[in-house]
Amino acid sequence: MTGTDEESLAETFWAVARRLRHQTKGALEPWEISPGQARALGVLLRHGALRPGALAEHLRIAPRSATEVVDGLQERGLVERRPDPGDRRATLVAPTAEGERVGAAIRAARATEAERFFGALDPDDRAQLARILRRLREE
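Nothing here was measured: the structure is a model prediction, and the numbers come from that model.

Student: I would appreciate a short explanation of the pattern of salt bridges in the present structure.
Tutor: Tallied over the entire structure, the rule returns nine salt bridges. Between Arg116 and Glu113 there is a salt bridge, with the nearest N and O atoms lying 3.0 Å from each other. One end of the pair, Arg116, and the other, Glu113, are both in helix 5 (residues 97–118), three residues apart, so they sit about a helical turn from each other. The exposed category is assigned to Arg116, whose relative accessible area is 55%. Its relative accessible area of 15% is what places Glu113 among the buried residues. For Arg126, the salt bridge goes to Glu115, with nearest N and O atoms at 3.1 Å. Of this pair, Arg126 sits in helix 6 (residues 123–138) while Glu115 is found in helix 5, placing the two residues 11 residues apart along the sequence. Judged by relative accessible area, which is 29%, Arg126 ranks as partly exposed. By relative accessible area, Glu115 is classed as partly exposed at 44%.

Student: Would you take a moment to explain the packing of aromatic side chains for this structure?
Tutor: Note on aromatic pairs: each is described by the distance of the centres and the angle between the planes. Counting across every chain of the model gives two aromatic pairs. Centroid distance Phe13 to Trp14: 5.6 Å. Interplanar angle 80 degrees. Geometry classified as edge-to-face. Owing to a relative accessible area of 48%, Trp14 belongs among the partly exposed residues under this scheme. Plain terms: the ring middles of Phe117 and Phe118 are 4.9 Å apart, the flat faces sit at 85 degrees to each other, and that makes the pair edge-to-face. Look at Phe117 and you get buried, because its relative accessible area is 9%.

Student: Is there a simple way to think about a nonpolar patch on the surface in this case?
Tutor: A cluster of nonpolar side chains, namely Phe13, Trp14, Ile132, Leu133 and Leu136, defines an oily patch on the protein surface of about 490 Å² accessible area. The element best represented in the nonpolar patch is helix 6, accounting for three residues. Within the element layout of this structure, Leu136 appears in helix 6.

About the cut-offs
Residues numbered from 1 in each chain as written. Predicted model: local features only at pLDDT ≥ 70, side-chain atom pairs only at ≥ 80, totals over all residues. Heavy atoms only, no water. Salt bridge = Lys/Arg side-chain N within 4 Å of Asp/Glu carboxyl O. Helix = DSSP H or I, 4+ residues; strand = E, 2+ residues; numbered from the N terminus. Buried < 20%, exposed > 50% of the residue type's maximum accessible area, 1.4 Å probe, protein only. Phe/Tyr/Trp six-rings, centres within 6.5 Å; stacked < 30°, edge-to-face > 60°. Patch = residues over 30% accessible without salt bridge, like charges linked within 9 Å, V, L, I, M, F, W, Y side chains within 5 Å. Areas by Shrake-Rupley, 256 points an atom, 1.4 Å probe, with all protein chains shown as cover.

Written out as structure tokens, the structure is:
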């Protein structure tokens, strides 16, 4: 592969990523929630209540950024902070009933958008793409 091919592959990848990000952002508009907030809510729904630091690790963001995300979700009534029963000094972040409802609706909307986005690929191509992306993620 030449240097030009590598640049072309990278440019194509970023163009697809931008398109997917734009489409995802549009899918989230009905809930007035940012992609970062939606990801955080999804992590909490999958893993249950977490300390803010653990949430930051799952999201691969700085703890300060996680605090800002949690603040935004808490203002919307989608998560709550509560004492950690295992350590009175620590706090857990947990989805509220409304957070669970919104999270489920977002998950459904994202699945619909993903189906629309990747629908142009046949099942074999989708499986290959998923395999390749998982491999790159692990590198």
